[in-house]
Amino acid sequence: MSKKEEDVMELARRRGFIWAAFEIYGGASGFFDYGPLGTALKKKIETLWREFYTLGEGFYEIETTTLGIRPIFEASGHLECFMDKMVECKSCRGLFRADHVGERCPDCGGELSGPQDFNLMFKTRIGAVSDDKARSEAFLRPETAQGMFVNFPRLLRFHRNKLPFGIIQVGRAYRNEISPRQGIIRLREFTLAEAEVFVLPHEKSKHPRFHEVESVTMRLKPNYMDEELETTVKDAVERKIITHEYLGYHMARVQQFLEKIGIPLAKLRFRQHERDEMAHYAEDCWDAEFLSERFGWVEIVGVADRGDYDLRAHSLKAKADMSIPVTASKSEKMEEESRSLSVFPHVIEPSYGIDRIIYALLESSFHKEEVRGEVRRVLRLKTHVAPVEVAVLPLLNREPLVNKAREVFQMLRRHRIFAEFDASGSIGRRYRRQDEIGTPFCITIDYETLENDTVTIRDRDSMKQVRVSISELPAKLSCVCESIFA
RNA sequence: GCGCCGAUGGUCUAGUGGUAUGACCCAGGCCUUCCAAGCCUGUGACCCGGGUUCGAAUCCCGGUCGGCGCACCA
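Since we're looking at a predicted model, the values are computed, not measured. (Residues numbered from 1 in each chain as written. Chains lettered and ligands numbered in written order. Predicted model: local features only at pLDDT ≥ 70, side-chain atom pairs only at ≥ 80, totals over all residues. Heavy atoms only, no water.)

### Remarks on the overall build of chain A
Check the secondary structure of chain A and you find 15 helices and 26 strands. Going through the 486 residues of chain A one by one, you find that 51% of them count as buried. Entry remark: accessible area of chain A is about 23,800 Å², with carbon and sulfur atoms responsible for 50%. (Helix = DSSP H or I, 4+ residues; strand = E, 2+ residues; numbered from the N terminus. Buried < 20%, exposed > 50% of the residue type's maximum accessible area, 1.4 Å probe, protein only. Areas by Shrake-Rupley, 256 points an atom, 1.4 Å probe, with all protein chains shown as cover.)

### Some thoughts on the domain arrangement of chain A
According to the domain assignment, chain A contains domain 1 (3-64 + 141-362) and domain 2 (388-485). When each unit is reduced to the centre of its C-alpha atoms, the spacing between domain 1 and domain 2 is 38 Å. Residue-level contacts link 14 residues of domain 1 with ten residues of domain 2. Here domain 1 meets domain 2 over a buried area of about 1,000 Å², counting both sides, of which 60% is carbon and sulfur. Interface area lost by domain 1 to domain 2 is led by R15, K44 and K260, which between them contribute 38%. Linking domain 1 to domain 2 there are three salt bridges. The salt bridge involving R14 is made with E436; its shortest N-O contact spans 3.1 Å. The interface formed by domain 1 and domain 2 contains four residue pairs in polar contact (both at pLDDT 80 or more). When contributions to the side of domain 1 that touches domain 2 are tallied by element, the ones reaching two or more residues are α1 (3-14), α2 (36-54) and α9 (245-261). Ranked by the residues each element gives to the side of domain 1 that touches domain 2, the list is headed by α2, at five residues. Class assignment of the residues belonging to the side of domain 1 that touches domain 2 gives a composition of eight nonpolar, one polar and five charged. (Domains from an automatic or database assignment. Contact = heavy atoms within 4.5 Å. Buried area = accessible area lost by both parts, 1.4 Å probe. Salt bridge = Lys/Arg side-chain N within 4 Å of Asp/Glu carboxyl O. Polar contact = N/O pair within 3.5 Å; in protein donor to acceptor, adjacent residues only side chain to side chain. Nonpolar A, V, L, I, M, F, W, Y, C, P; charged D, E, K, R; others polar.)

### Thoughts on the pairing of strand β14 (residues 268-272)
Judged by how many residues are buried, β14 sits mostly within the fold: five of five residues are covered. Of the two faces of β14, both are covered, the one formed by L268, F270 and Q272 as well as the one formed by R269 and R271. Note: β14 against strand β15 (residues 284-292), five bridges, orientation antiparallel. When the bridges of β15 are listed, F270 appears paired with A288. (Pairing = 2+ DSSP bridges.)

### Focus on the packing of α2 against α9
For the pair α2 and α9, interaxial distance at closest approach is 11 Å and the crossing angle is 145 degrees. Of the two elements, α2 crosses α9, and the hand of that crossing is right-handed. Of the residues in α9, those touching α2 at I45, L48, W49, F52 and Y53 are R253, V254, Q256, F257 and I261. (Axes fitted to C-alpha atoms, helices over the stretch in contact; angles between N-to-C directions. Left-handed = near helix turned anticlockwise from the far one by under 90°.)

### Observations concerning the environment of V298
Inspection of the secondary structure puts V298 in strand β16 (residues 296-307). The exposure class assigned to V298 is buried, which follows from its relative accessible area of 6%. In the structure, V298 is positioned 134 residues away from P164 in sequence and 31 Å away in space, judged by C-alpha atoms. Not counting residues up to four positions away in its chain, the partners in contact with V298 are I185, A288, E289, F290, S292 and R356.

### As for the side chain of K44
Mapped onto the elements of the fold, K44 is located in helix α2. The contacts of K44, once residues within four sequence positions are left out, are H384, V385, A386, E389 and V480.

### Describing helix α11 (residues 354-365)
When the terminal C-alpha atoms of α11 are compared, their 16 Å separation across twelve residues agrees well with the 16 Å that a helix rising 1.5 Å per residue should span. For α11, the tally of buried residues reaches eleven of twelve residues, placing the bulk of the element in the interior. I354, D355, I357, I358, Y359, A360, L361, L362, E363, S364 and S365 are the residues of α11 that are buried. (Expected span 1.5 Å × (residues − 1).)

### Focus: the packing of α2 against α11
Look at α2 against α11: their axes get within 11 Å of each other, and the N-to-C directions meet at 115 degrees. Taken together, the axis directions place α2 and α11 in an arrangement best described as roughly perpendicular. The crossing of α2 and α11 is right-handed. Residue-level contacts link L41, K42, I45 and E46 of α2 to I354, D355, I358, L361 and L362 of α11. (Parallel < 35°, antiparallel > 145°, perpendicular 65-115°, else oblique.)

### Side note on the sheet that holds strand β24 (residues 441-445)
In any sheet, the strands associate via hydrogen bonds between backbone groups, in a parallel or an antiparallel arrangement. Strands sit in the order β23-β22-β24-β25-β26 across an open sheet of five strands; the sheet is mixed. Strand pairing shows two members of the sheet lacking a second neighbour, β23 (419-421) and β26 (465-469), which therefore form its edges. Across the sheet, the axes of successive neighbouring strands diverge by a mean angle of 30 degrees, strand direction being ignored. Together, β22 (390-394), β23 and β24 form the strand contacts of helix α12 (residues 401-414), whose direction differs from that of β22 by roughly 165 degrees. Against the sheet, helix α13 (residues 427-436) makes contact with β22, β23, β24, β25 (454-459) and β26, and its axis sits at roughly 170 degrees relative to β22, the strand it touches most.

### Side note on the pattern of salt bridges
One pass over the structure, following the stated rule, counts 46 salt bridges. One salt bridge in this structure joins E57 and R209, with 4.0 Å as the shortest N-O distance. With E57 in the loop between α2 and β3 (60-61) and R209 in the loop between β11 (189-199) and α7 (210-213), this pair connects stretches of sequence that are 152 residues apart. Under the relative-accessibility criterion, R209 is labelled partly exposed at 26%. A salt bridge links R239 to D235; the shortest N-O distance between them is 2.8 Å. If you follow the salt bridges from partner to partner, you end up with E369, R376, R380, R432, D435, R458, R460 and D461 in one network.

See the structure below:
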């Protein structure tokens with residue numbers, strides 16, 4: 001294991017970001033809890049994400065059940081896809097899909113075991129049922145998306161039958177991974193933040209705000225090339241590397257969001273799925289991948305063109321037609337007798353793995369450096385995601401400094417700035433404590449404060465200090481709670 | 001899921017068939033006019049279950065968790 005990954009996960013555990021779940025009972029693989037600082041970090045990321053899509057894109061957020069009834073997943077393909085029988089080779093332990101192999105192991109020719117179910121969805125039952133009626137079967141959702149698809153008729157009416165529109169959802173999803181590893185990279189319970197953009201198929205080629213992102217430069221790895229290329233979204237769409245403006249637009253927005261919360265662009269690329277790698281519902285898919293020092297390239301966001309797969313499937317299964325009548329417009333030369341056609345909207349889906357993004361932020365913001373012969377660990381988190389926004393510190397643990405510091409501390413919290421107060425030990429020790437959890441600013445109350453009501457603000461990254469008057473503090477510190485969607 | 005290896009305070013560790021070492025952290029106190037200084041005091045651990053044994057944290061078996069390899073990851 002690389003030293004840095006050990007260090008960053010040790011820090012995350014010790015300082016209350018991420019803890020193994022059920023630890024006192026020995027834990028369970030693939031489950032993690034967020035501690036006080038991890039929860040604060042996660043909430044900030046989620047809030048910024050919501051703002052990015054609601055204020056930024058005009059999408060509404062909904063909240064649907066985490067448990068889904070059987071027909072949903074029959075229609076979505078998740079049941080069929082994961083009810084596949086798997087067989088195992090008795091000699092080399094290879095695992096294969098039963099429908100892909102014959103009698104013998106394709107690797108070593110060994111004998112294969114009988115078929116077993118390997119369903120990645122957690123199954124449960126609704127109500128007090130004594131039999132195995134399929135009607136009562138329910139599954140924890142493997143993605144939040146289905147809740148947005150099955151509500152499509154309501155959502156369409158809510159939007160007064162106008163397309164396109166986007167819907168977002170943030171919530172837990174569940175996959176019963178066979179063998180989760182790599183800490184919070186592969187979890188059995190995790191948080192997804194997903195946007196489903198419903199758009200008529202013939203409108204995908206033009207996005208009304210494409211010009212806003214057209215000059216965004218991205219690092220792309222198309223599935224038909226062995227090399228990566230770096231180019232603008234506009235160029236990529238024109239050259240058909242990215243198939244249409246809608247996909248390109250949302251890929252660019254994904255990159256902008258990740259950059260704004262602190263993912264270094266140098267460690268980010270978009271990789272197009274191979275044809276045989278694509279999910280069963282996807283027509284096309286580009287993963288935003290983060291280059292982890294520990295795990296290599298890790299998918300943190302998937303941007304998929306799901307086509308009309310889901311709405312078509314639910315329409316058939318539920319016998320609820322979700323196609324849209326499209327009347328022939330003057331601009332589109334349609335044959336006279338073609339009265340009105342009916343089409344299913346297509347879905348463009350940016351799907352963010354919040355836990356992986358948190359890992360990426362921790363790993364990439366973690367720095368270990370030497371200051372005066374001592375090790376300084378510092379999380380260079382962006383100010384607007386730092387769990388503790390400001391620390392208020394009396395220079396010495398002595399009156400009247402402590403009292404004055406408490407006043408400043410209370411004043412900042414009244415201004416909605418989340419501050420921590422710390423008077424223990426030496427001032428240097430307290431600065432280091434805050435560095436380690438990424439607190440961007442430390443306010444120090446010293447003897448000069450008592451004379452003229454000024455304090456020093458210490459910058460985490462440069463360790464430099466400036467003196468400002470107490471009355472200016474809220475304005476000077478407002479960057480810790482500013483929005484980023486604009 | 002399979003194979004190999006591992007598991008000692010919050011963290012990192014020493015160690016032995018007779019209940020455990022040190023450091024750091026943390027808490028309280030003293031000191032301290034800006035970057036983990038110093039001094040005093042204190043809290044705190046042998047992953048879980050079974051077996052062998054007078055006695056198991058140590059040996060054996062099983063489990064859990066973790067690392068690595070294989071497989072899996074819609």
